[in-house]
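# Structural features, examined
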Amino acid sequence: MTESEVAPLNPKQARVLEREVETAILAHEHVADCAVVYQGAAPVARACANCGMDAAYPGSDVDAGGGVCSFCRLYAGNREEIHAYFGEVEDFQRLLRDRAGDRAREYDCLLLFSGGKDSTYVLHRLVALGLRVMTFTFDNGFISRTALRNVESITGKLGIEHVTMGREDQNAVFVESLQQHKSVCNGCFRSLLSLSTRLAAERDIPVIVTGLSRGQIIDERLNWFYRRGIFDPREIERQLAVGRAVYHQIGERVDPAAVDAVEVVDFFRYDDVTKDGILRFLTEQTSLWAQPQDTGFCSSNCLVNDVGIYVHSAERGYHNYESPTRWEVRLGHLDRARADEELRAPVNIPRVRRMLGKIGYDDPADRQALGRRLVAYYVARAPVTAGALRGFAARTLPDFMTPEQWIAVDHIPREAGAVLPARLPSPAGAAPEPAGAQDRTPRAATGVPPTAAQRRLLEEGGELGGVPGRAVLTCLPGRPDVTRVRKAVLRLIMRHDALRLRFRRADPGGEWEQYDGGMAGRIPVQRLDLSTRQGPHEDVLRALADRLLAQTDPVAGPMVRFAVVETAGASLLLVAAHGLVMDAPSFRLLLADLADIWEWLDDASPPPPPAGSFLSLAERAGAAGTPTRRLPPSAAREGAAEVTTTWLPAEPTRALVEWAAGTGTPQIALVLAALAAAGQPSLPVEFADHTWRSGEAGVVGPLAAVGAVTLTGGPDPGTVLQRIGRQVAGSAPYGPRPAPAAGTAPVRVHYFGRFGDETEPGGGADPFQPLALGGHGLTALPAVYPLEVGACLTGGRLRVQWSSRSGAGRDATGVDPGAAMAWLERPARDLPRT
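Here the structure is a predicted model, which means the values were calculated and not measured.

### Notes on the environment of Leu573
Tracing the sequence through the fold places Leu573 in strand β16 (residues 571–577). Given the relative accessible area of 1%, Leu573 is considered buried. As for Leu573 and Pro767, which are separated by 194 residues in sequence, their C-alpha atoms are 9.7 Å apart. Residues within four places of Leu573 in sequence aside, it is in contact with Val472, Leu473, Thr474, Leu476, Val485, Phe562, Ala563, Val564 and Leu594.

Structure, rendered in structure tokens:
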């Protein structure tokens, strides 16, 4: 059920809704008048010409030319690497033998057995392979009676020991899952894995076997890696193992020893059977299995699954099985017509509504995603941002009733006291804001184009999901409870509109635009307890950072996530943000703001002053900036990154920094000059100076523009430094001229400025200061170009990191890190002082 299929409100219902929202907005002291207008449903999105994926799915990026989605393009370009992850049944048998070892055990594996077609097929295959199997069913309270009879009859016939478990609070788990994921499957699978892991550990069973399809395996486990250019099965498995440890320590904890003792294996990773092949096998091999008739298309065992489909379609605008089903099409396991039939099959709405009532979750049809249909027109008596008004209204209005579109007008046209909607500007072409309101947030009705920095990120990433994010770890003062952290995070998000950004297409297949989307459901703070975990936590923290970044959503939100991490020595806070909303300087500002807000919560200091608006800045900038080339997806991501760290001694560093300050030379020019001296002649280089700001005080957002210069060396170091300093100062982002086209620049230099020593977690680290986190952090390199160079001042010395893919960057540039740093020591002894 999509939003366009929801019956619209009648005129009387619409007017009641409009008045309620108007009352909330008029309560703001800077609003002189307002009118809220209920609009019709949004148009149905396009579909991929190849797999049929709905263009409303985040990151699908259906191109305007061939009409093919980004996932089909990813598959076409990496088909062999994707299939390399999957194996044969012999590989599965060998894996189970290796896990069993020499110990005498009663069972080889524990099968998650639902009584549906997939798990029934897997059970028969496991028995045929001669494996000793125990089965486990999680009864969530909504299992099909036919499926339960299948479980009882089949395990009885095969002589299989079977255990069924449930939990009394599962309805609360469903509600939490619906609130956070708009699906019941996430909460159900968490309960299933937690209970089965404990059972397997208690019974000394080394392997849990799942019946996830290959489409589900890619969607649930692999897609995150593929969109970051990671295809090596060994690296994927290593990171998945660490991620599983994190997964079981968030929320309902499972003993880490149990998690380590039990491996989860997806049977269909090793069996290439199609859906038709499974049904054919069951028909031919067993007369015990019966096809449940009381479930929907996308499940052959569970009734509540339709609740997830219903809620997700209504509140997210696309089917929650869209991604795994379309992967089945790409892999050849399902034809497109059958996939369309499955995803478009109607749910039994009366039954779904009864289950929603039993669970305790509000029917989204009653809410009808109303915020998307509401346009708020307002007359301001004093400058006020649309983001501020939206946040103000959200304090009293439910999320689904907060207007998504806001338009500033000079007056509200009325006749006999009634608003005349026809005389208001349409959302598609709203009139300009009144004079004197230049600092207002851009109108959400038309959105704001990406800034030059954001455009570059989109071009390098190829799509929304390909833009790399950034995660920073910091120490919290004392041992605060999560409630206090949530209060601080809420104020932080409400303070900075960049943290509330959402992205959408201006037109179907058109350019991306951004707007203030407000809070996306619950405050995005999780908790991870590592206080009893022995040994270093670096792998777990890195996996948690990756997990949080994967959960950021540019379309539905949120764009920033937080996690409180309890260790034996300290309470830590991990902040992860999508690359389209924050850069390195923004993280520094955010941590400083968090420190101020933390004190403000205790009333120890006055509230922080209002922050500047990123959206206002972006609207004024417009689409300024020359679009740059898009790197081929695999050009910079092939092979493992080789990282070399070099240091310039303290005395040469001091001399160079003093010379730069005395001559007005940007400090990044020092590193660029070293590259010019140690690299090939006429070396084209792009640079990002993360210390440079736009002059907008207090603005958080992706503001680190990229400049470009062509580096040439020379016999006189002083002359080289001065020449390159002038080039940099006259190039974007410093000067008024746009950056020249980058051409085929093989190297990019990042300069992060002064950066305190990155202290390890614990050990008396100062609160709200960034801590070391391998692969992440303020000075982490994005590793997009063949050679990325990152420099910062730390501990009185210049630290430079050189990151290249299998040496390709250094081969292309001729830069030798050692030679570059040695060159810097030479001019430091005899610098020009003019």
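### Some details on the sheet that holds strand β5 (residues 207–210)
Pairing is parallel in the open sheet, where five strands are placed in the order β4-β3-β2-β5-β6. What marks the edges here is a single partner per strand, and that holds for β4 (161–165) and β6 (263–266). Strand-to-strand twist across the sheet, computed as the mean angle between neighbouring axes with direction ignored, equals 25°. Taken together, the two bridges between strand β2 (residues 109–112) and β5 define a ladder with parallel strand orientation.

### What to know about the packing of aromatic side chains
Throughout the structure, instances matching the rule amount to 14 aromatic pairs. When the centroid spacing of 5.1 Å and the interplanar angle of 85° are considered together, the rings of Phe92 and Phe267 count as edge-to-face. You can see Phe92 sitting in helix α4 (residues 89–100) and its partner Phe267 sitting in the loop between β6 and α12 (275–285), a full 175 residues away along the chain. Residue class for Phe92 comes out buried when judged on its relative accessible area of 0%. Connected via pairs of aromatic rings, a cluster forms that spans Phe92, Tyr121, Phe267, Phe268, Tyr270 and Phe281. Sitting above the plane of the Tyr247 ring, Arg190 keeps its charged end 4.1 Å from the centroid. Taking NZ or CZ as reference, Arg269 lies 3.7 Å from the ring centre of Tyr85, over its face.

### Examining empty space enclosed by the protein
For the structure on display, the rule yields six cavities of 30 Å³ or more. Of the pockets and cavities examined, the largest cavity occupies roughly 90 Å³. Of the residues assigned to the lining of the largest cavity, the class counts are three nonpolar, three polar and five charged.

### Considerations on the sheet that holds strand β21 (residues 770–771)
With mixed pairing, five strands are arranged side by side in an open sheet as β14-β15-β16-β11-β21. The open sheet has two edge strands, β14 (525–529) and β21, and neither has a second partner. Of the strand pairs in this sheet, β14 and strand β15 (residues 560–566) are connected by five bridges, and their pairing is parallel. Bridged to Asp529 within β15 is Glu566. The strands touched by helix α23 (residues 584–601) within the sheet are β11 (470–475), β16 and β21, with β11 carrying the most contacts at an inclination of about 30°.

### Considering the pattern of salt bridges
Inspection of the entire model under this criterion finds 32 salt bridges. The partner of Lys275 in a salt bridge is Glu342, and the shortest N-O contact between them spans 3.4 Å. Of this pair, Lys275 sits in helix α12 while Glu342 sits in helix α15 (residues 336–344); the two residues are 67 residues apart in sequence, bridging distant segments of the chain. Residue classification places Lys275 among the buried positions, given a relative accessible area of 18%. The class of Glu342 is buried, set by a relative accessible area of 4%.

### Let's talk about the pairing of strand β7 (residues 374–380)
Burial analysis of β7 places seven of its seven residues in the buried class, the great majority of the element. Side chains of β7 alternate between two faces, with Leu374, Ala376, Tyr378 and Ala380 and Val375, Tyr377 and Val379 buried alike. Sheet topology note: the strand β1 (residues 31–38)/β7 ladder contains seven bridges and is antiparallel. Within the sheet, the bridge partner assigned to Tyr38 lies in β7 and is Leu374.

### Focus: the state of the cysteines
Between two cysteines, a covalent bond joining their sulfur atoms is known as a disulfide. Summed over all chains, the structure comprises zero disulfides. With no disulfide partner, Cys48 has as its closest neighbouring cysteine sulfur the one in Cys69, 3.8 Å distant. We classify Cys48 as buried; its relative accessible area is 0%.

### Some thoughts on the pairing of β11
Within β11, six of the six residues are buried, leaving the element largely enclosed by the surrounding structure. Going residue by residue along β11, you find Arg470, Val472 and Thr474 tucked away on one face and Ala471, Leu473 and Cys475 tucked away on the opposite face as well. Inspection of the sheet shows β11 paired to β16 by six bridges, in the antiparallel sense. Within β16, the residue paired with Leu473 across the bridge is Leu574. Pairing analysis gives two bridges linking β11 to β21, with the strands arranged antiparallel. Directly across from Leu473, in β21, lies its bridge partner Leu771.

Calculation rules
Residues numbered from 1 in each chain as written. Predicted model: local features only at pLDDT ≥ 70, side-chain atom pairs only at ≥ 80, totals over all residues. Heavy atoms only, no water. Helix = DSSP H or I, 4+ residues; strand = E, 2+ residues; numbered from the N terminus. Buried < 20%, exposed > 50% of the residue type's maximum accessible area, 1.4 Å probe, protein only. Contact = heavy atoms within 4.5 Å. Pairing = 2+ DSSP bridges. Axes fitted to C-alpha atoms, helices over the stretch in contact; angles between N-to-C directions. Phe/Tyr/Trp six-rings, centres within 6.5 Å; stacked < 30°, edge-to-face > 60°. Lys NZ or Arg CZ within 6 Å of the ring centre and 35° of its normal. 1 Å grid on protein atoms, 1.4 Å probe; cavity = no way out; pocket = protein on both sides within 12 Å on 5 of 7 lines; lining within 4 Å. Points joined across faces, edges and corners; volume = space filled by probe spheres on them. Nonpolar A, V, L, I, M, F, W, Y, C, P; charged D, E, K, R; others polar. Salt bridge = Lys/Arg side-chain N within 4 Å of Asp/Glu carboxyl O. Disulfide = S-S within 2.5 Å.

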